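# Coordinate inspection notes
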Amino acid sequence: MTRLSRRVFLRNSAVAGGAALALPALGGWAGESYAATPTAAEAVAGDTLVKVTPDDPRYAPLVTGANGRWVGTPAYVLVASTADQVVQAVQETLDQGLRFTVRSAGHCYEDFTSNPDIRVLIDVSAMTAIGYDSTRRAFAVEPGARLGNVYETLYNGWGVTLPGGTCPSVAVGGHVAGGGYGPLARSHGITVDHLHAVEIVVVGADRRARKIVATCAQDDPNRELWWAHTGAGGGSYGIVTRYWFRTPGATGTTPAALLPKAPRELILSEVAFSWTGMTEAAFTRLLSNFSVWHAVNQSPTSPYAKLFSALKPRHRSAGEFLLTTQIDSAVPDADRLLDDYLAAIVAGTGLTYRVDTRKRVDWLYNVLNWPGLGGSGFEGKGRFKAKSAYLRKPFPAAQLQAFWKHLNRTDYDNPAALVEIAGYGARANQLASNATATAQRDSIIKMLFIDLWATQAEDAQNIAWVREFYRDVHAATGGVPRPGGVNDGAFINYADSDLADPALNTSGIDWGTLYFKDGYARLQAAKRTWDPNNLFRHALSIRP
């Protein structure tokens, strides 16, 4: 048994959880403030495995995720609060011959946990412990812990953090397995750059469930399983019951020296651009400037490595769109750097912007009070479709023209339709492409194409818009972001099952290549070793 900080475990138990699984969610698109509200799973968790059936009032929130398009219909949910209970849940379900899957917080973009073929849902969102493991000299985090709790516990306990996502109610379970990414990626790399080990429940050829630990150690016989959890996405190999984090190269036994230091204070900037009077020339120059700046300022030693910015152009019907930026206030001349950055983004456009925010804020307060993806206009919109792309070079003219075309379409008027063009590079690009399963290591920007809406009747038009938008942006490479050119594939945490559908992806580029590049064959080899029966599967799971 490893020795874990009891103080932090008890503290975390008192504040376990994230925002309740109420729609619309997806981590607060509408401006969600983080609160430690117990989830349905935490309400039933205990010393024994708990079965929740459809007649139980706790069933509905357990089978409903952040995306209102997907509501599961399993025969029952098994709520586990320990790793041994996960082993029990898997084995019992296998013995009954039922299809099962795992869920941590329900933030999956697609139907991976709600597919009608799934008869048993194994829920680990009650597994929320966070602590320091002195035996492994690493921080241990269970899969149901929400990012908000992780940041708060690590910061208040030791002044450290992980460079993870912005949404505080996302659980680490699937977030880490898919790579993990957020505003500190340019400063400290992505989340899995700090992944030291993983405990996972797997099922061998004998169909017996068991726990194993896989570490990053070169001599660990399970190392390939660790590697697979550095970006292959969740639900392909087994059920994660614990992650351990320690920055490679960190020495000593002082916990505060084993993960990146969190910023104490940020300078936040939010400016708004009006669509009124916006010309195609001005708009495309704005996006071009953003991409060129990130191409020029991608050195991990640059003071701009501690600046993160996202341009979020929404459909013209929204009236305006935002550019949000943050920089560590401890960077020398931080205010001047921010001013110079904003000037570079608007240079040559003739545009002016409205300053909505320019202030210094405590870092922890900021991450626990994420304002949402795009500002107002997202309220009550619980259904969505998303796609992603990495950008390696500044936008070519054809892609910029496609942005203008689809964000200005007059046959479509959803103000909650947008693309988030977010800064990447710097320390996120320090590792080799094969160092982790997150293979995109020379990109400058990561993009999220997304639209949100309220009712099933609106599904067809909104899904069509984002598909056509994405296809036209990448028309030169078959409608997908081909790796190794201007683009570099897609991000598995922004799951898009369209890429694995031959009726929708007619590019001739396999979905595994789009997400994992040359690493897909290696992930398949790990799949054959650790899940030979292909029990852990969904639309974008690794194929054996």
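This one's a predicted model, so the numbers in the text were calculated from it and none came from an experiment.

### Describing the overall build of the protein
Looking only at helices and strands, the protein has 15 helices and 16 strands in total. Since a compact globule built from 544 residues should have a radius of gyration of about 24 Å, the 22 Å found for the protein is in line with a globular shape. For the protein, the spread of C-alpha atoms along the three principal axes comes to 65 × 50 × 40 Å. Here the protein holds 544 residues, and the buried ones make up 63% of them. Across the protein, contacts joining residues at least 24 apart in sequence account for 74% of those joining residues at least 6 apart. Measuring between centres, the 53 positive side-chain charges of the protein sit 4 Å from its 49 negative side-chain charges.

### Side note on the UniProt feature "domain: FAD-binding PCMH-type" (unreviewed entry) in the protein
The feature "domain: FAD-binding PCMH-type" (unreviewed entry), as given by UniProt, occupies residues 70-250 in the numbering adopted here. Taken as a whole, residues 70-250 contains 23% helix and 24% strand, while its terminal C-alpha atoms sit 42 Å from one another.

### Considering the pairing of strand β8 (residues 209-215)
Pairing of strand β7 (residues 195-203) with β8, which is carried by 7 bridges, proceeds in the antiparallel orientation. By the bridge assignment, isoleucine 200 is partnered in β8 with isoleucine 212. Taken together, β7 and the strand that follows it, β8, pair antiparallel across an intervening segment of 5 residues, in which arginine 207 is found at a positive phi of about 60 degrees.

### Topic: the sheet that holds strand β9 (residues 239-245)
With antiparallel pairing, 5 strands are arranged side by side in an open sheet as β5-β6-β9-β7-β8. Because the sheet does not close on itself, it has two edges, and the strands there are β5 (130-133) and β8. Adjacent strand axes in the sheet meet at a mean angle of 25 degrees when their direction is disregarded. Where strand β6 (residues 138-141) lies against β9, 3 bridges are found, and the strand directions are antiparallel. Following the sheet pairing, alanine 140 is matched in β9 by tryptophan 244.

### What to know about the nonpolar core
Among the nonpolar cores identified, the biggest contains 132 residues, and Tyr237, Tyr341, Phe403, Ile421, Met447 and Phe449 are the most heavily contacted of them. Among the elements that take part in this core, helix α10 (residues 334-346) stands out by supplying 7 residues, more than any other. Formed by 21 residues, the second largest nonpolar core is a distinct cluster that contains Ala80, Val87, Val90 and Ile239.

### Concerning unusual backbone geometry
Phi is positive for arginine 207, which is not a glycine, with a value near 60 degrees. Mapped onto the secondary structure, arginine 207 falls in the loop between β7 and β8. Residue classification places arginine 207 among the partly exposed residues on the basis of a relative accessible area of 37%. Despite not being glycine, alanine 426 shows a phi value in the positive range, around 55 degrees. Mapping alanine 426 onto the fold places it in the loop between β15 (417-423) and β16 (445-453).

### Things to note about the packing of helix α9 (residues 280-296) against helix α12 (residues 397-407)
At a minimum axis separation of 10 Å, α9 and α12 run at an interaxial angle of 125 degrees. What the angle tells us is that α9 and α12 run oblique. Of the two possible hands of crossing, α9 and α12 adopt the one that is right-handed. Across the interface between the two elements, Glu280, Phe283, Thr284, Leu287 and Ser288 of α9 pack against Leu400, Gln401, Phe403, Trp404 and Leu407 of α12.

### Here we look at the environment of alanine 45
Looking at the element boundaries, alanine 45 is found in the loop between α2 (40-44) and β1 (50-52). Judged by relative accessible area, which is 31%, alanine 45 ranks as partly exposed. Look past the residues within four positions of alanine 45 in its chain and what remains in contact with it is Ser81 and Ala126.

### Side note on helix α5 (residues 147-158)
For α5, spanning 12 residues, the distance from its first C-alpha to its last is 16 Å, which sits close to the expected 16 Å at 1.5 Å a residue. Among all positions of α5, only Leu147, Gly148, Asn149, Val150, Tyr151, Glu152, Thr153, Leu154, Tyr155 and Trp158 are buried. Glycine 159 sits one or two positions beyond α5 and adopts a positive phi of about 75 degrees.

### So, the side chain of serine 125
Counting through the fold element by element, serine 125 comes out in the loop between β4 (120-123) and β5. With relative accessibility at 2%, the residue serine 125 sits in the buried group. Serine 125 has contacts with Thr39, Ala41, Glu42, Arg103, Ser104, Gly144 and Arg146, leaving out every residue within four places of it along the chain.

### Considerations on the packing of α12 against helix α13 (residues 459-473)
Where α12 meets α13, the closest approach of the two axes is 8 Å, and the angle between their N-to-C directions is 160 degrees. With respect to α13, the axis of α12 lies roughly antiparallel. In this structure, α12 meets α13 at a crossing whose hand is right-handed. Across the interface between the two elements, Gln399, Ala402, Phe403, Lys405, His406 and Leu407 from α12 touch Trp465, Glu468, Phe469, Asp472 and Val473 from α13. Of the residues assigned to the contact of α12 with α13, the class counts are 6 nonpolar, 2 polar and 3 charged.

### Thoughts on the packing of aromatic side chains
Summed over the entire model, instances satisfying the criterion amount to 34 aromatic pairs. An angle of 70 degrees between the planes, with centres 4.9 Å apart, marks the rings of phenylalanine 139 and tryptophan 158 as edge-to-face. You can see phenylalanine 139 sitting in strand β6 and its partner tryptophan 158 sitting in helix α5, a full 19 residues away along the chain. An angle of 35 degrees between the planes, with centres 6.0 Å apart, marks the rings of tyrosine 243 and phenylalanine 245 as tilted. Linked through ring pairs, Tyr109, Tyr181, Phe384, Tyr390, Tyr424, Phe491 and Tyr494 together constitute an aromatic cluster. For lysine 446, the ring lying beneath its charged end belongs to tyrosine 181, and the centroid distance is 4.0 Å.

### Remarks on the pairing of β4
Of the two faces of β4, both are covered, the one formed by Val120 and Ile122 as well as the one formed by Leu121 and Asp123. Where strand β3 (residues 100-103) meets β4, 4 bridges bridge the pair, whose relative direction is parallel. Paired with threonine 101 across the bridge in β4 is leucine 121.

### A few points about α10
Residues that lie three or four places apart on an α-helix share one face, since the helix turns once every 3.6 residues. The end-to-end C-alpha distance of α10 is 19 Å, a good match for the 18 Å that 13 residues give at a rise of 1.5 Å each. Tucked inside the fold, the buried residues of α10 contact β10 (265-274), α9, β11 (307-312), β12 (320-328) and β13 (354-362). Just beyond α10, the residue with positive phi is glycine 348, at close to 80 degrees.

What counts, and where the lines are drawn
Residues numbered from 1 in each chain as written. Predicted model: local features only at pLDDT ≥ 70, side-chain atom pairs only at ≥ 80, totals over all residues. Heavy atoms only, no water. Helix = DSSP H or I, 4+ residues; strand = E, 2+ residues; numbered from the N terminus. Rg over C-alpha atoms; globule rule 2.2 N^0.38 Å. Buried < 20%, exposed > 50% of the residue type's maximum accessible area, 1.4 Å probe, protein only. Contact = heavy atoms within 4.5 Å. Lys, Arg positive; Asp, Glu negative; His and termini not counted. Charge placed at Lys NZ, Arg CZ, Asp CG, Glu CD. UniProt positions renumbered as here; feature names shortened; annotations may be inferred. Pairing = 2+ DSSP bridges. Axes fitted to C-alpha atoms, helices over the stretch in contact; angles between N-to-C directions. Core = buried A, V, L, I, M, F, W, Y, C linked by side-chain atoms within 4.5 Å. Parallel < 35°, antiparallel > 145°, perpendicular 65-115°, else oblique. Left-handed = near helix turned anticlockwise from the far one by under 90°. Expected span 1.5 Å × (residues − 1). Nonpolar A, V, L, I, M, F, W, Y, C, P; charged D, E, K, R; others polar. Phe/Tyr/Trp six-rings, centres within 6.5 Å; stacked < 30°, edge-to-face > 60°. Lys NZ or Arg CZ within 6 Å of the ring centre and 35° of its normal.

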